[in-house]
Amino acid sequence: MLDVAIAGGGPVGSLLALQLAQQDISVALLEQEASPPIDLRASTFHPPSLEMIAGLGDGVLDQMLGKGLRAGRYQYRDAVTGEVAEFDMSLIAGETDYPFRLQLEQYELTHIVADSLRRYANAQHRFSTRVCGFRQSDEGVEIQVETTAGRETIEAGFLVGADGAGSQVRKSAGIEFGGFTYDEKFLVIGTGFPFESVFENLSWVNYISGPEDWCVILRTDKLWRVLFPTRQDDKDGAVLSDAHVQARLKRLCPQPADYPIEHRTLYKVHQRVAETYCKGRVVLAGDACHINNPLGGMGMNGGVHDAFNLGEKLVRIIKRGEDYSPLFEHYDRQRRKIAVDFVQRHTIDNKKLMEAGDSGMQRRRQKMLMTAAADQVRAKEFIMERAMFNCLRDSLAQH
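These numbers come from a predicted model, not from an experiment.

Colleague: Can you break down the environment of Asp375 residue by residue, with the values?
Modeller: Along the chain, the position of Asp375 falls in the loop between helix 10 (359–374) and helix 11 (376–386). Exposure remark for Asp375: the relative accessible area of 32% places this residue in the partly exposed category. Sequence-wise, Asp375 and Ser43 are 332 residues apart; in three dimensions their C-alpha atoms are separated by 29 Å. A polar side-chain atom of Asp375 sits 3.2 Å from the main-chain amide nitrogen of Arg378.

Colleague: Can you tell me about the pattern of salt bridges, naming the residues and giving the values?
Modeller: Summed over the entire model, instances satisfying the criterion amount to 25 salt bridges. Measuring nitrogen to oxygen at the nearest pair gives 2.9 Å for the salt bridge that ties Glu146 to Arg130. Placement of the pair is Glu146 in strand 10 (residues 141–147) and Arg130 in strand 9 (residues 130–136), with a sequence separation of 16 residues. Overall, the relative accessible area of 29% leaves Arg130 in the partly exposed class. The partner of Lys222 in a salt bridge is Asp221, and the shortest N-O contact between them spans 2.4 Å. Residue classification places Asp221 among the buried residues on the basis of a relative accessible area of 19%. Connected through salt bridges with shared partners, the residues Glu312, Lys313, Arg316, Arg320 and Glu322 form a single ionic network.

Colleague: Account for the sheet that holds strand 14 (residues 214–219), with residues named and values stated.
Modeller: With mixed pairing, eight strands are arranged side by side in an open sheet as 6-5-13-14-15-12-16-19. The sheet is open, and its two borders are formed by strand 6 (84–88) and strand 19 (290–291), each paired with just one other strand. By the bridge criterion, six bridges tie strand 12 (residues 177–191) to strand 15 (residues 224–229) in an arrangement that is antiparallel. Looking across to strand 15, one finds that Ile189 is bridged to Val226. Contacts from helix 10 reach strand 5 (73–78), strand 6 and strand 13 (205–209) within the one sheet, and its direction differs from that of strand 6 by about 30 degrees. Helix 11 rests against strand 5 and strand 6 of the sheet, and its axis sits at about 105 degrees to strand 5.

Colleague: I'd like a rundown of the state of the cysteines, residues and numbers included.
Modeller: Here, the word disulfide means a covalent bond between the sulfur atoms of two cysteines. One pass over the full model with this rule turns up zero disulfides. Unpaired in this structure, Cys215 has its nearest cysteine sulfur neighbour in Cys253, at a distance of 10 Å. Overall, Cys215 belongs to the buried group, its relative accessible area being 3%.

Colleague: Report on the sheet that holds strand 4 (residues 69–71), specifying residues and quantitative values.
Modeller: Pairing is antiparallel in the open sheet, where three strands are placed in the order 3-7-4. The two strands at the open ends of the sheet, each matched to only one other strand, are strand 3 (44–45) and strand 4. When strand 3 meets strand 7 (residues 101–103), the two strands line up antiparallel, connected through two bridges. If you follow Phe45 over to strand 7, its bridge partner there is Leu102.

Colleague: Give a description of the packing of aromatic side chains that names residues and reports values.
Modeller: Under the criterion given, the structure shown has 20 aromatic pairs. Look at Tyr324 and Phe328: their rings are 5.7 Å apart centre to centre, the planes differ by 50 degrees, and that puts the pair in the tilted class. Of this pair, Tyr324 and Phe328 both sit in helix 9 (residues 324–354), four residues apart, roughly one helical turn. Neither residue differs from the other here; Tyr324 and Phe328 are each classed as buried. Here the aromatic cluster, defined as three or more aromatic residues joined through ring pairs, consists of Phe193, Phe195, Phe199, Trp204, Trp224 and Tyr259. Positioned above the aromatic ring of Tyr74, the side-chain terminus of Arg101 is 4.2 Å from the ring centre. Sitting over the ring of Phe158, Arg281 keeps its end group 4.8 Å from the ring centre.

Colleague: Got a sec to walk through the nonpolar core? Specific residues and values, please.
Modeller: Of all hydrophobic cores here, the largest spans 76 residues; its most connected members are Ile6, Met64, Ile143 and Leu314. A total of eight residues in this core trace back to one element, the largest contributor, which is helix 8 (residues 298–320). With sequence-adjacent residues up to four places away left out, Ile143 is seen in contact with Ala5, Val131, Gly133, Phe134, Glu152, Thr153, Ile154, Ala156 and Leu159. Of all hydrophobic cores here, the second largest spans 27 residues; its members include Ala71, Tyr74, Ala372 and Phe389.

Colleague: Lay out the side chain of Arg219 in plain terms, naming residues and giving numbers.
Modeller: With respect to the element layout, Arg219 can be found in strand 14. One buried charged residue, Arg219, forms no salt bridge at all, with the nearest opposite charge on Glu196 at 4.9 Å. Every residue in contact with Arg219, bar those within four places of it in the chain, is listed here: Leu69, Gln103, Trp204 and Trp224.

Colleague: Outline helix 11, listing residues and values.
Modeller: For helix 11, the full list of buried residues reads Ala379, Phe382, Ile383, Met384, Glu385 and Arg386. Near the N-terminus of helix 11, the side chain that reaches the backbone nitrogen of Val377, with its oxygen 2.9 Å away, is that of Asp375. Following helix 11 by one or two positions, Met388 has its phi on the positive side, about 75 degrees.

The rules behind these values
Residues numbered from 1 in each chain as written. Predicted model: local features only at pLDDT ≥ 70, side-chain atom pairs only at ≥ 80, totals over all residues. Heavy atoms only, no water. Helix = DSSP H or I, 4+ residues; strand = E, 2+ residues; numbered from the N terminus. Buried < 20%, exposed > 50% of the residue type's maximum accessible area, 1.4 Å probe, protein only. Polar contact = N/O pair within 3.5 Å; in protein donor to acceptor, adjacent residues only side chain to side chain. Salt bridge = Lys/Arg side-chain N within 4 Å of Asp/Glu carboxyl O. Pairing = 2+ DSSP bridges. Contact = heavy atoms within 4.5 Å. Axes fitted to C-alpha atoms, helices over the stretch in contact; angles between N-to-C directions. Disulfide = S-S within 2.5 Å. Phe/Tyr/Trp six-rings, centres within 6.5 Å; stacked < 30°, edge-to-face > 60°. Lys NZ or Arg CZ within 6 Å of the ring centre and 35° of its normal. Core = buried A, V, L, I, M, F, W, Y, C linked by side-chain atoms within 4.5 Å. Lys, Arg positive; Asp, Glu negative; His and termini not counted.

If you want it as structure tokens, here you go:
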């Protein structure tokens, strides 16, 4: 019987699997795709996440730093006046070895970790393997999976559901996923257009707002991404059309030629947290237990923090023989509280901060940001909060 089976081979499941493999714990990472996915999803790693990944060793962080972009500053821009509130992350250099956001597609991390896992004989990385249910007892968990060869059962001491927002593990456990879905959807466009040659002093991460519209524009290691909100009554096909995509980009930055479009995605935006993160020998991590809007890059990073917190507890359970129930309950108190009290609140506030309002509201919003950015003490507090240092420290202080 395996010590741990993990459903979902994204960043959260992959990092957890590597932690356990390094501690000589037998682990199976179960991924329903046929190979490590290449998808355009989260792309911002905050400093605390980089610190945790650095602690893994295996050259994982070095490879990430070699591939990604270091965003040492980020900006809030007024689309009407052109005013820029810039937050310089060098202000937190005394708090971390990584005073920047690393802009890197999340799939780059999962590919790096997949290569590392191959070096551990006690780790299985199984593709085309979808978890479809489980039964648990006092001794362990029997996990039903579907593979290309048919159905089979995998036995493990514990099952971790890191299988995303639609988590089958969460559903099979009967855990409610409370919260709400926004009326509007988000349109994300990837383009190779050099925005840095048009906007003066453009940082790699930018929030641009005006009284009638707003967007986020950020650079990944490969291209620029632009995120626009859509209207509730917009039809999906119309929003994804060439005409609409080009019109939104040209309103942001007018130019006579069409923009080169590398990809376009339209997706619903949720704010949800599971009613509990554990049930018996089954535990949830990442998007399986908390999802939020992407403004601020807190979703994936919160999941990374889940993985390291849970990994430490699983090591204590499996290697030291500690009782799993109180440790899983502690994990639930630490991580669920942060998801509710910090991540959900801040991502909702981030959206409200960006949303269109009247011109007076826009001026007050920009003045507040400009004042904070100009004061080193307030700017550092702002950066520490949004880099997730404060919430992580609060999480670890939970008894």
